[in-house]
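Observations on chain architecture
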Amino acid sequence: LVIQVPATMQENDTNVTSDQAKNEKMYALVGLILCSLCFIGYLWNSVLAANGDKELEAIIEAIKGGTISITAALQFAKETSKKDLSAPLTDKQEKDNEARLKKIIKPFFAQFDKDNSKHLDLTEFHQLLTELGETVHSEKVLKMFKQYDADNSGSLKFDEVVSFLAEYLKDTVKDPPPQAEK
């Protein structure tokens, strides 16, 4: 379209195509440059996304290998998400942050789902809280459990655990210290 629309506007009634080609040459060059710049931008964006995915995959492998705790994984999620989690997110930022968080939480969910039911019961949820370093009493665990059990099923599905950990991430996981300027 970048080339075709201006070329159509340059059409004339003569049968001499060389005259018409001279008139269209500049539009074709502009179209070529514009398409090339867009393609280079797409490639750059793809390379940046691939590097972020490699870093995330390394974290997930460390989680599966048991060399990283859920607290450290949540810290990584916070550091690599939009920095101010209390500010409103755009739809794309929110979806990106949620997708990253789900990828990070998935291996931990499997680890805490001892009976492979695809849900966390109250005991498994309490173990998750203990792993997070929370020392909570039974009443508080039950209150938190009921708060995030959106469908009142008596167990937390994966998405309900993600909701809990997203809130936990906003409220509890510490922000990284500011980097010193070089």
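Notes on the structure in this doc start here. (Residues numbered from 1 in each chain as written. Predicted model: local features only at pLDDT ≥ 70, side-chain atom pairs only at ≥ 80, totals over all residues. Heavy atoms only, no water.)

**Comments concerning the packing of helix H5 (residues 122-131) against helix H6 (residues 138-148)**
Short version of the rule: Fitted lines through C-alpha atoms serve as axes, helices being fitted only where they are in contact, and the angles separating the N-to-C directions of these axes extend from 0 to 180 degrees. Put simply, DSSP H or I for four residues or longer makes a helix, DSSP E for two residues or longer makes a strand, and each gets a number counted from the N terminus. Throughout this description, any angle smaller than 35 degrees is read as roughly parallel, any larger than 145 degrees as roughly antiparallel, any in the 65 to 115 degree range as roughly perpendicular, and the remainder as oblique. By definition in these notes, contact holds between two residues if any of their heavy atoms fall within 4.5 Å. Only Asp, Glu, Lys and Arg are considered charged in this grouping, and only Ala, Val, Leu, Ile, Met, Phe, Trp, Tyr, Cys and Pro are considered nonpolar; every other residue, Gly among them, is considered polar.
In contact at an axis separation of 10 Å, H5 and H6 are set at 105° when each is read in the N-to-C sense. If you check the angle between H5 and H6, you find them roughly perpendicular. Across from Leu122, Phe125, His126 and Leu129 in H5, the residues of H6 making contact are Val141, Leu142, Met144 and Phe145. Within the contact of H5 with H6, the residues separate by chemical class into seven nonpolar, one polar and no charged.

**A few points about the packing of aromatic side chains**
Each aromatic ring pair is described using two quantities: the centre-to-centre distance and the angle formed by the ring planes. Applicable threshold: Here is the rule: rings of Phe, Tyr and Trp (six-membered ring for Trp) pair when centre to centre is within 6.5 Å. Planes less than 30 degrees apart are stacked, more than 60 are edge-to-face, and the remainder are tilted. For the exposure calls, accessible area comes from a 1.4 Å probe over protein chains only, and a residue counts as buried if that area is under 20% of its type's maximum, exposed if over 50%, partly exposed in between.
Scanning all chains against the criterion turns up six aromatic pairs. Centroid distance phenylalanine 164 to tyrosine 168: 6.0 Å. Interplanar angle 35°. Geometry classified as tilted. Remark: tyrosine 168 and phenylalanine 164 occur in helix H7 (residues 158-171); sequence separation between them is four residues, near one turn of the helix. Here tyrosine 168 falls in the buried class, since its relative accessible area comes to 9%. Among the aromatic residues, those joined into a cluster by ring pairs are Phe125, Phe145, Tyr148, Phe164 and Tyr168.

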